[in-house]
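# Structural overview for review
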Amino acid sequence: RAGRRRIAHGLFALSLVAAAPALAADEASARPTGPPWSYRFEGWAGPALDVIWYTPRKAGADAPILIVIPGASRDAPRFHATWLAVAHRRGFVVLTIGAPVARFPTEYEYNAGGVVNANGEARPQEEWLFSAIEPLFEDFRARFGFQTERYHLFGHSAGGGFAHRFPLFQPEAKVQRVVAANPAFVTLPDRETAYPFGLEGLSLPPEQLAQWFAAPLIILLGDQDLAPRTKPLSNGPLARAQGPHVFARGQLLFERAWKEANARGLPFHWELQIAEGVGHDNRAIAPFALTPLFAAAAP
């Protein structure tokens, strides 16, 4: 089993996660018993989403539900497939979001959730991609008879960018744990830098920032994620100002958030976890997310 050890690191504590080949080897021996299925979700104000889902035979009406946000490739089937064997073995449901480029053209609509457009102009809240997750969860529960009251959220790369921003913009969401893996660039608690790199231009009440810091959010980073990104925002000047690579940017996010919460005397429930020997690789980092995803939520 994957082990974890706590170490002191600068101003905060992080978890250094030992090698965990669970999804690639041990779990992969238990093949899913049936195909994943898909449907088009149109029950919100924005463009339709192509949802892929898989329910193991052992999953009851109260089975855990994991929602997966793919990376910049938007290759939902590939990201979905990463979770099938372990979901089959452990009995949790997987929903993977399909947000094709034709409907969500840029990083503004996808990673950054559609809060602003490329000109920095605010967009209607009901059209944010962040606003699709709760209706999707409720639709899925009603459609297939699930009674599960909360869900787990995982995203990698562009999906990791979406995932760490999600609790900021949906503070009342029914999400139990969020794992933001290798976010390509991050949103810092900085009101002098424009969104999506900071909070300038957003009308956020103070309590919303406090709720963000108190969210059950895990920043999961591969310590070999050291190459530059290729997308315009992810490798633009404001992203590079956050650090030369994803590993540095994720650590900066955690440290800046910790400092801000501490300075304001606010509860801080985030965790930083490091996957040793892992680069910018969804399949390689997904096994490290299992324990934090399905741990008990922070109080």
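For the structure itself, look to the data block above.
A few points on the structure.

Cut-offs and rules
Residues numbered from 1 in each chain as written. Predicted model: local features only at pLDDT ≥ 70, side-chain atom pairs only at ≥ 80, totals over all residues. Heavy atoms only, no water. Phe/Tyr/Trp six-rings, centres within 6.5 Å; stacked < 30°, edge-to-face > 60°. Helix = DSSP H or I, 4+ residues; strand = E, 2+ residues; numbered from the N terminus. Buried < 20%, exposed > 50% of the residue type's maximum accessible area, 1.4 Å probe, protein only. Polar contact = N/O pair within 3.5 Å; in protein donor to acceptor, adjacent residues only side chain to side chain.

Under the criterion given, the structure shown has 21 aromatic pairs. With a centroid separation of 4.7 Å and an interplanar angle of 35 degrees, the aromatic rings of phenylalanine 130 and phenylalanine 162 are classed as tilted. Highlighted residues: phenylalanine 130 in the loop between β6 (93–98) and α3 (133–144) and phenylalanine 162 in helix α4 (residues 158–169), separated in sequence by 32 residues. Of the two residues, phenylalanine 130 and phenylalanine 162, both sit in the buried class. Measuring from centroid to centroid gives 6.1 Å for phenylalanine 162 and phenylalanine 166, while their planes differ by 20 degrees, and the two rings are stacked. In this pair, phenylalanine 162 and phenylalanine 166 both sit in helix α4, 4 residues apart, roughly one turn of the helix. Take phenylalanine 162: its relative accessible area is 0%, and that puts it in the buried class. Classification of phenylalanine 166 by relative accessible area gives buried; the value is 0%. Clustering of aromatic rings is evident, with ring pairs tying together Trp128, Phe130, Phe162, Phe166, Phe169 and Tyr195.

Residue placement: aspartate 190 occurs in the loop between β8 (175–181) and α5 (206–213). Looking at aspartate 190, the relative accessible area reads 18%, which means it is buried. Remark: the alpha-carbon pair of aspartate 190 and arginine 256, spanning 66 residues in sequence, is separated by 8.8 Å. A polar contact is formed between the side chain of aspartate 190 and the backbone nitrogen of glutamate 192, at a distance of 2.8 Å.

Spatial relationships are all this shows, so hold off on functional conclusions.
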